[in-house]
Amino acid sequence: MNVNFNSLSPGMKSFLEKREIRDKESLDRFLDPTFKRLRPPDETLKKVVRKIRTEILEGKNILIWGDEDMDGISSTLIMLSTMEKLTARKVENYIPSRRFEGYGLCKRGIDLAVGKGIDLIITVDCGVNDSSEVEYLKREGLDVIITDHHEPKENLPNALILNPKLGSFGFKYLAGAGVAFKLADALFNHIMGESTTEWTRKMPEIPALTLIGTIADRVPQLDENRILIHEGLRCLEETSSPPLSLLHKLGDIEESMEPLFSGVDNLTWEFFTTSTIKKAREIYEKLKINHANWSIRAKKEFSSLKAWLDEGHFVLFVPDLDQKFAGFVTGRAKEYTNHPIFVIYQVGDNIRGEGRGPKDFNLLSVLSSVKDLLVDYGGHKPACGFTLKKGKVEEFKERVEPRLKEYKPKTSFDARIELWENTK
């Protein structure tokens, strides 16, 4: 379809601009969401590729450092498959426990990497705000490349960083899996001389995993994300991977993915790495049972907070809230009130919190204004996490809740388009 963006009516242009479509290139990407429409590498991505190529040629030991959510698992598997294909040998990976080690780089995992003789860590879906951890691993003799998609803070780690919010190599709202895919694509293009179409035909599981990570992280399904979803669905039909084939056979991909969000005891990781369809089915059935039980408990946890929300409280301290329900509860509270919400809870000796807000509210700016009360924080403007210093819950509530109450929910619309409007 050949549509001239400049010939569109003002109302249609306004409608499209809300979807990041502002010129012929972005319109073509929307109407023809295929690999040929992906953005080319920028200088940062080229530098990362050259660095990895050098490490491979020198026989360095590489470890992929991921995260335990669906986007993090997908990203880890994408980069593992890529590096094992390029190095023709086993590549290590590490996914820290959020409950016991926190999110991102951590000392325990770095020490384990040192013990295994790792030379280079490549992070996926994490690391952009881990300055102190990067300093530690460098003191221990390791190098690191950070690939992430979360909002960067002012002081970046002293490392090579691939993040669409800091560069021009990709759509700024890529998921972690999307960033991993763009890096994989650049590596195969540069090192193996294969086009995106050529290498994905041989390794359809990588676009399929990118699809899963992109959907799971609930990023806008626009621009390059639209391409990765469109092409990922096609590759999902072609892959011979037992777990991915099973998800495809189950029907609608978003519905079939639902049980995977409640994976505990590494069940979701086991599902994606199993090598037989029989084992994949067994694990999936366990995940379905877990998901059913998780859903019942999660709804009960949210119901217990409704009275506070009805009274107009937008910062909730629920010390005994189980961490695995925190994100769900906070998201439901945001939907219930149409207001930005923070839910604070206790994990061992740590006080942690989750934030969820409408798209037009910047939660990170709120956390930045009280960073003297925080051990750490990060995430995205409408969804974030943080750790509070001990004894600071009440002060946090006193300083933050007034800002949340100032927010006025808006009725939004994309554009006014008259019935007569059409292309010229």
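Residues numbered from 1 in each chain as written. Predicted model: local features only at pLDDT ≥ 70, side-chain atom pairs only at ≥ 80, totals over all residues. Heavy atoms only, no water.

So, the overall build of the protein
In terms of regular secondary structure, the protein is built from 19 helices and ten strands. Here the C-alpha radius of gyration of the protein, 22 Å, is about what a compact globule of 424 residues would show, namely 22 Å. Each of the three principal axes of the protein carries a C-alpha extent, and together these read 70 × 60 × 45 Å. Taken as a whole, the protein presents about 20400 Å² of accessible surface, with 48% of it coming from carbon and sulfur. One finds the centroid of the 63 positive side-chain charges in the protein at a distance of 1 Å from the centroid of its 65 negative side-chain charges. (Helix = DSSP H or I, 4+ residues; strand = E, 2+ residues; numbered from the N terminus. Rg over C-alpha atoms; globule rule 2.2 N^0.38 Å. Areas by Shrake-Rupley, 256 points an atom, 1.4 Å probe, with all protein chains shown as cover. Lys, Arg positive; Asp, Glu negative; His and termini not counted. Charge placed at Lys NZ, Arg CZ, Asp CG, Glu CD.)

Description of the sheet that holds strand 5 (residues 160-162)
Spatial strand order, 2-1-3-4-5: five strands in an open sheet with parallel pairing. The sheet is open, and its two borders are formed by strand 2 (92-94) and strand 5, each paired with just one other strand. Averaged over all adjacent pairs, the angle separating strand axes in this sheet is 20°, with direction ignored. By the bridge criterion, three bridges tie strand 1 (residues 62-65) to strand 2 in an arrangement that is parallel. Following the sheet pairing, L63 is matched in strand 2 by E92. (Pairing = 2+ DSSP bridges. Axes fitted to C-alpha atoms, helices over the stretch in contact; angles between N-to-C directions.)

What about the pattern of salt bridges?
Overall, the coordinates contain 29 salt bridges when judged by the stated rule. The closest approach of N and O atoms between E43 and K46, which form a salt bridge, is 3.6 Å. A residue pair is termed a helical-turn pair when its members lie 3 or 4 positions apart in one helix, as E43 and K46 do in helix 3 (residues 43-57) at three residues. Between K60 and E58 there is a salt bridge, with its nearest N and O atoms 3.2 Å apart. On the accessibility criterion, K60 (27% relative accessible area) is partly exposed. One salt-bridge network, in which partners are shared between bridges, spans E25, R29, R39, K182, D223 and E224. (Salt bridge = Lys/Arg side-chain N within 4 Å of Asp/Glu carboxyl O. Buried < 20%, exposed > 50% of the residue type's maximum accessible area, 1.4 Å probe, protein only.)

Looking at the layout of surface pockets
Considered as a void within the structure, the second largest pocket measures approximately 340 Å³ in volume. As for the second largest pocket, its lining consists of 18 residues, of which L77, S81, L209, F272 and T273 are closest to the centre. Looking at the lining of the second largest pocket residue by residue, the class counts come to nine nonpolar, six polar and three charged. (1 Å grid on protein atoms, 1.4 Å probe; cavity = no way out; pocket = protein on both sides within 12 Å on 5 of 7 lines; lining within 4 Å. Points joined across faces, edges and corners; volume = space filled by probe spheres on them. Nonpolar A, V, L, I, M, F, W, Y, C, P; charged D, E, K, R; others polar.)

Observations concerning the sheet that holds strand 6 (residues 315-317)
The five strands are arranged 6-7-8-10-9 in an open sheet whose pairing can be described as mixed. The strands lining the two open edges of the sheet, one partner per strand, are strand 6 and strand 9 (374-379). Each strand axis lies, on average, 20° off the axis of its neighbour in the sheet, ignoring direction. Taken strand by strand, helix 19 (residues 393-406) contacts strand 6, strand 7 (341-347), strand 8 (350-356), strand 9 and strand 10 (383-388), and its axis lies near 155° from that of strand 6. (Contact = heavy atoms within 4.5 Å.)

Concerning unusual backbone geometry
A positive phi angle, near 55°, is found at R218, a position not held by glycine. By the secondary structure assignment, R218 is in the loop between helix 10 (205-216) and helix 11 (223-238). With a phi angle near 55°, D223 is a residue other than glycine that sits in the positive phi range. Note on D223: relative accessible area 8%, which makes it buried.

Description of helix 15 (residues 277-303)
Here helix 15 spans 38 Å end to end across 27 residues, near enough to the 39 Å set by a 1.5 Å rise per residue. Of the positions making up helix 15, those classed as buried are A280, I283, Y284, L287, H291, W294, S295, A298, E301 and F302. Among the structural elements, helix 12 (242-249), helix 13 (253-257), helix 14 (267-273), helix 16 (306-310) and helix 17 (323-337) are those in contact with the buried residues of helix 15. (Expected span 1.5 Å × (residues − 1).)

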